[in-house]
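Listed below, chain by chain, are the residues.
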Amino acid sequence: MATKNNAAKIIVVTSGKGGVGKTTTSASIATGLALRGKKTCVIDFDVGLRNLDLIMGCERRVVYDFVNVIQGEASLHQALIKDKHCDKLFVLPASQTRDKEALNKEGVAKVLNELTQDMGFEYVICDSPAGIETGALMALYFADEAIITTNPEVSSVRDSDRILGILQSKSLKAELGESVKEHLLITRYSPERVEKGEMLSVDDIKDLLRIPLIGVIPESKSILQASNSGEPVIHQADSQAAEAYKDVVARLLGENRPLRFLDVPKKSFFQRVFGG
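Residues numbered from 1 in each chain as written. Predicted model: local features only at pLDDT ≥ 70, side-chain atom pairs only at ≥ 80, totals over all residues. Heavy atoms only, no water.

Visitor: Tell me about the pairing of strand β5 (residues 123-127), and please be specific about residues and values.
Guide: In terms of burial, β5 is largely enclosed, as five of its five residues are buried. Both strand β1 (residues 9-14) and β5 contribute to a ladder of five bridges, which runs parallel. Its bridge partner being in β5, Val-13 is matched across the sheet by Asp-127. In this sheet, β5 lies alongside strand β2 (residues 40-44) in parallel orientation, the contact comprising five bridges. Directly across from Val-42, in β5, lies its bridge partner Ile-125. (Buried < 20%, exposed > 50% of the residue type's maximum accessible area, 1.4 Å probe, protein only. Helix = DSSP H or I, 4+ residues; strand = E, 2+ residues; numbered from the N terminus. Pairing = 2+ DSSP bridges.)

In structure tokens:
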């Protein structure tokens, strides 16, 4: 199996439920690490759908993909796409035309080994599909760390709990008697809706999942705007979501950052009098 450089980290971004912002998170965290000087590769494990290249703005530059490399139809050098904004960031897109079963442990191990051993990548971010199908299990299997992405709603949190069980039973680290380091990331968080009782609070989610919290990404129109323009949201100036992702990256790198954007903003005197 993969005998990677010990300093390199393979981080899976995962969830039990679809539509919680995994690909947005993978793109922004990979970008953030590269902006901090870390040589980073982000891999799309969602064979058959492929969205990471759209969010990274490189969909027109895809010639070869992850499955082509696994099946020996292209080299890793041919398939990797260098990011337009960051010299240290590379994207390995998924195949849109293959079956999910095209991924296998030996092939994935070989790719990860080449990235971390031969090509000197310090971080490999694995953008996992939702649930527990083949692509998701492959993305989870080799992880050193996992970012469990959840929305503040009961069904999303419950499905995330199921993924935690799989991480600690079906990963390579579990087979070796070790554990995957887990991080909780809450996305689409709205303090106003929490205050109205329409969403679970951060404390509710922490109580249910009982893993360390690495960040809270506020609900933000800038995330949709960024996705539509093919640019990870972390690049956006004056965006709370971008700032929150920068905080997550800093924490991944071992820095202490206070949590932000958890409270309802206090209205000024004029806002209270005149509304808005």
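Visitor: Pulling in residues and values, what's your account of the packing of aromatic side chains?
Guide: Considering all chains together, one arrives at three aromatic pairs under this definition. On the numbers, 5.6 Å between centres and 90° between planes, the contact of Phe-90 with Phe-121 is edge-to-face. Taken together, the residues span a long stretch of sequence, with Phe-90 in strand β4 (residues 89-92) and Phe-121 in the loop between α5 (105-118) and β5 at a distance of 31 residues. An identical accessibility class is assigned to Phe-90 and Phe-121; each is buried. The ring of Phe-121 carries Lys-39 above its face, with NZ or CZ at 4.6 Å from the centroid. Geometry around Tyr-141 places Lys-105 over its ring, the cationic atom sitting 4.0 Å from the centre. (Phe/Tyr/Trp six-rings, centres within 6.5 Å; stacked < 30°, edge-to-face > 60°. Lys NZ or Arg CZ within 6 Å of the ring centre and 35° of its normal.)

Visitor: Describe in detail the pattern of salt bridges, supporting the description with residues and values.
Guide: Should the charged atoms of two oppositely charged side chains come close, the side chains can pair. Tallied over the entire structure, the rule returns 14 salt bridges. One salt bridge connects Glu-255 with Arg-36, and the closest N-O pair in it is separated by 2.2 Å. On the criterion of sequence distance, the pair formed by Glu-255 in the loop between α12 (240-252) and α13 (269-274) and Arg-36 in the loop between α1 (22-35) and β2 is long-range, its members being 219 residues apart. Its relative accessible area of 28% is what places Glu-255 among the partly exposed residues. One salt bridge in this structure joins Glu-198 and Arg-193, with 3.2 Å as the shortest N-O distance. Because the salt bridges share partners, they merge into one network encompassing Arg-36, Glu-243, Lys-246, Asp-247, Glu-255, Arg-257 and Arg-260. (Salt bridge = Lys/Arg side-chain N within 4 Å of Asp/Glu carboxyl O.)

Visitor: Please provide a residue-by-residue account of the side chain of Thr-14, values included.
Guide: Note on placement: Thr-14 falls in strand β1. When neighbours within four sequence positions are excluded, Thr-14 is seen to be in contact with Lys-22, Ser-128, Leu-140, Ile-147, Ile-148, Thr-149 and Ile-163. (Contact = heavy atoms within 4.5 Å.)

Visitor: So what's going on with helix α10 (residues 202-209)? Which residues, and what values?
Guide: Along α10, the residues that are buried comprise Val-202, Ile-205 and Leu-209. Looking straight down α10, one finds its buried side chains confined to an arc of 65°; they lie on one side. If you follow the buried residues of α10, they end up packed against β6 (145-150), α7 (154-170), β7 (181-189) and β8 (213-218). Positive phi appears at Arg-210, one or two residues downstream of α10, with a value of about 55°. (Arc of directions from axis to C-beta.)

Visitor: Please set out the pairing of β1 residue by residue, giving values where relevant.
Guide: Across the six residues of β1, five count as buried, placing the element largely inside the fold. Bridge analysis of β1 against β6 gives four bridges, and the strand direction is parallel. Of the residues in β6, the one forming a bridge with Val-13 is Ile-147.

Visitor: I'd like a rundown of the environment of Ser-75, residues and numbers included.
Guide: Residue placement: Ser-75 occurs in the loop between α3 (66-70) and α4 (76-79). Considering only alpha carbons, one finds Ser-75 and Ile-11, 64 residues apart in sequence, at a separation of 23 Å.

Visitor: Please provide a residue-by-residue account of the sheet that holds strand β3 (residues 81-82), values included.
Guide: The strand order across the open sheet formed by eight strands is β3-β4-β2-β5-β1-β6-β7-β8, and the pairing between neighbours is mixed. With one partner strand each, in any of the chains shown, β3 and β8 form the two edges of the open sheet.

Visitor: Describe helix α11 (residues 221-229), listing the residues and the values that go with them.
Guide: Within the sequence span of α11, burial applies to Ser-222, Ile-223 and Ala-226. Buried positions in α11, seen along its axis, are confined to an arc of 105° and lie on one side of it. Exposed and facing more than 90 degrees away from the buried side of α11 are Lys-221, Leu-224 and Asn-228. On its buried face, α11 sits against α1, β8 and α12. Positive backbone phi, approximately 70°, marks Gly-230, located one or two places after α11.

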